[in-house]
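# Structural features, examined
Each chain, written out:
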Amino acid sequence: MSERENDGSLTVLPGRHDPSDEGRGTAAARPAAGAPGAARPGVVYLVGAGPGDPGLFTQRGAELLATADVVLHDELVHPALLDGVREGAEVRSVGKRGGDRVVKDAKQAEIDAELVALGLAGRSVVRLKGGDPFLFGRGSEEAEALARAGVPFEVVPGVCSPLGATAYAGISLTHRNIASSVMIVSGVTRAGKGFDWSELASVRGTICVLMGMQALDAVVTGLTGPGRRDPATPAAAIQWGTRADQRVVTSRLDELPRRAMEAGLQSPAVIVVGAVTRLRDALRWFDRKPLFGKRVLVTRPRHQARSTSRLIRLRGGEAVELATIEIHPPPDPARVTEAVRGLSGYDAVVFTSENGVACFFREMERLGLDARAFGSARLAAIGVGTAAALAARGVRADIVPGEFRGEELAQALLADPALAERLAARPEVRVLLPRALVAREVLPERLRAAGCEVDVVPVYETRPASTERREELLRGLSAGAIDVVLLTSSSTVDSLCDLLGEGAAARLDRVLLASIGPITTATAEKRGLRIGVTAEVSTTAGLLDALDRYFAAQQAVPASAGE
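Source: prediction; values computed, not measured. (Residues numbered from 1 in each chain as written. Predicted model: local features only at pLDDT ≥ 70, side-chain atom pairs only at ≥ 80, totals over all residues. Heavy atoms only, no water.)

### Things to note about unusual backbone geometry
The amide bond that connects Ser267 to the next residue, Pro268, takes the cis arrangement and shows omega of 0°. Of note, Pro268 is situated in the loop between α7 (256–263) and β10 (269–273). One non-glycine residue with positive phi stands out, namely Met211, at about 55°. Note that Met211 resides in the loop between β7 (206–210) and α6 (216–224). You can call Met211 partly exposed: its relative accessible area is 46%. You will see that Thr242, though not glycine, has its phi angle at about 80°, which is positive. (Helix = DSSP H or I, 4+ residues; strand = E, 2+ residues; numbered from the N terminus. Buried < 20%, exposed > 50% of the residue type's maximum accessible area, 1.4 Å probe, protein only.)

Here is the structure:
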């Protein structure tokens, strides 16, 4: 066993098995169809997805997304939001990006008709729209189509891009000493003509322009002409606001088109005009995070990568999820069944990974067993991530070592008063070790040397990812689309090197390699890899803390792109 990844979201203290904890965890938190608050058959929900950051999605939106039959989403919706869709639901992109208004209008008519048809067919539907459905999002047009057809609908507001993007850029839209009003306009009208900027001639507050980047010169001409804005008025353009690839340019209003072009800014972007943009230097926070803008490769399987990806986004980075291994059933499932049926005969059950917990409990559930099946056995977990996986299934770990390695886990087991008493009272203490087919042998060897009878039962097998994954990874590395690679165990190192094949070390030398602890670092160095960061605390949170410190030291003077 080596250091293992922990999602950092739950600290589990040693204790007894507590069936009252049953139902905690992500899967259990998802409402079932038909439960209070779940999406109802025959109802269409117009749901705002927010400006980009998945963390800004509303609780009501997540509740509906998890229970709907069909999800039709905009192209700009963050992919992480779709992780919340229930298994078996129909999910399709109905994005309308592009400048051809005739084509976009025809596509919108198709969407309206499909929403009506799905509602009349008795399906529960989430129409997931970027930002807020009723702010330049055609949500009102879709609601009108549903109302005409007699299809029930509900609207779930979202954080709109002017509010989200400006807040993440450090720009306060109002300030009692600077601006007491906000005007939000579209750079293009329904007919494709420009906005009548003379309407803003008497407005003295902040102006936000959406959908104006493709005609930024015309927008500025309109504001400085009919809009009667001083060409020297402070202004900003914010592209991909609230996301890790957010970019901000500030300048005089009349210089904004040139500065935006030099910085390569394009749609989607929000244009902000007014004195409040001067607040950015003092209020910016998002793009000052050490991990801001960093693309971090997470190599765990998709279902395990989500918690790590969320931690990366909270620190301003963007997770690139690409599993380098695949989890497969064990070669001898009958042994797993036998071990589960014989749980009452063990003095200790030791889990060394979250995968081990998931696979073992899957067999327990298949046999109709719960936490009571462990009887008087002591439960041990190699780290807090594994302990959290147990807690989510109604079981509290009795033993969690201070350092998350096999050596420390063996020592913690042998030092446990209850097990020590049993070892002293009878010849052998029986220990069950459900784990991967291939793993370090230090833990069972040390327990056997101390007089324990150890049953090592493979409950899953890891295999290298497909050739398709290899090509995807090679493209990402070659294109410079990855800045950091997280190495969360020795098996991660081996699987990554095996997947890349000959020349793996040379390919990985272009990125920062971050290791979760000394054992993983040693494995990496044996494979010829150059480790840039090694965590002091062997958890995912500890690894990300180490990355924060590394990048903070690299940032002599913080500055956003284009400024």
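Having put the structure on the table, let's press on.
### Considering the nonpolar core
Val349, Phe351, Phe360, Phe361 and Phe374 are the most contacted members of the largest nonpolar core, which totals 28 residues. Elements supplying a minimum of two residues to this core: α10 (333–341), β14 (348–351), α11 (354–366), β15 (378–381), α12 (384–391), β16 (429–436) and β17 (452–464). Tallying contributions element by element places α11 first for this core, with five residues. Ranked by size, the runner-up nonpolar core spans 23 residues in total, among them Met213, Leu223, Leu253 and Ala269. (Core = buried A, V, L, I, M, F, W, Y, C linked by side-chain atoms within 4.5 Å.)

### A short note on helix α5 (residues 161–169)
By the burial criterion, the buried members of α5 are Pro162, Gly164, Ala165, Thr166, Tyr168 and Ala169. Buried positions along α5 lie against β6 (182–186), β7, β8 (234–239), β9 (247–252), β10 and α8 (280–283). Gly170 sits one or two residues past α5 and shows a positive phi near 80°. (Contact = heavy atoms within 4.5 Å.)

### Considering the confidence of the model for the protein
On average, residues of the protein score 88 in pLDDT, and 91% of them reach the 70 mark or higher. pLDDT under 50 marks residues 1–29. Its contacts with residues more than four places away, or in other chains, come to 92 contacts. (pLDDT = per-residue confidence, 0-100.)

### Focus: the sheet that holds strand β20 (residues 533–534)
Judged by pairing direction, the sheet is parallel, and its five strands sit side by side in the order β12-β11-β18-β19-β20 without closing on themselves. What marks the edges here is a single partner per strand, and that holds for β12 (318–321) and β20. Note: strand β19 (residues 512–515) against β20, two bridges, orientation parallel. In the strand pairing of β20, Ser515 is matched with Thr534. Against the sheet, helix α9 (residues 302–314) touches β11 (295–298), β12 and β18 (484–487), its axis set at about 160° to β12. (Pairing = 2+ DSSP bridges. Axes fitted to C-alpha atoms, helices over the stretch in contact; angles between N-to-C directions.)

### Examining the sheet that holds β16
Strand order in the open sheet formed by five strands is β13-β17-β16-β14-β15, and the pairing between neighbours is mixed. Of all the strands in the sheet, the pair left with one neighbour each is β13 (325–328) and β15. Within the sheet, the average angular offset between the axes of one strand and its neighbour, ignoring direction, is 25°. Across eight bridges, β16 lies against β17 in parallel orientation. If you follow Arg430 over to β17, its bridge partner there is Glu453.

### Let's talk about helix α17 (residues 490–500)
When you tally the buried positions in α17, you get eight out of eleven residues, the bulk of the element. Buried within α17 we find Ser490, Thr492, Val493, Ser495, Leu496, Cys497, Leu499 and Leu500. Against β13, α16 (467–478), β18, α18 (504–508) and α19 (518–526) lie the buried residues of α17. Following α17 by one or two positions, Gly501 has its phi on the positive side, about 75°.

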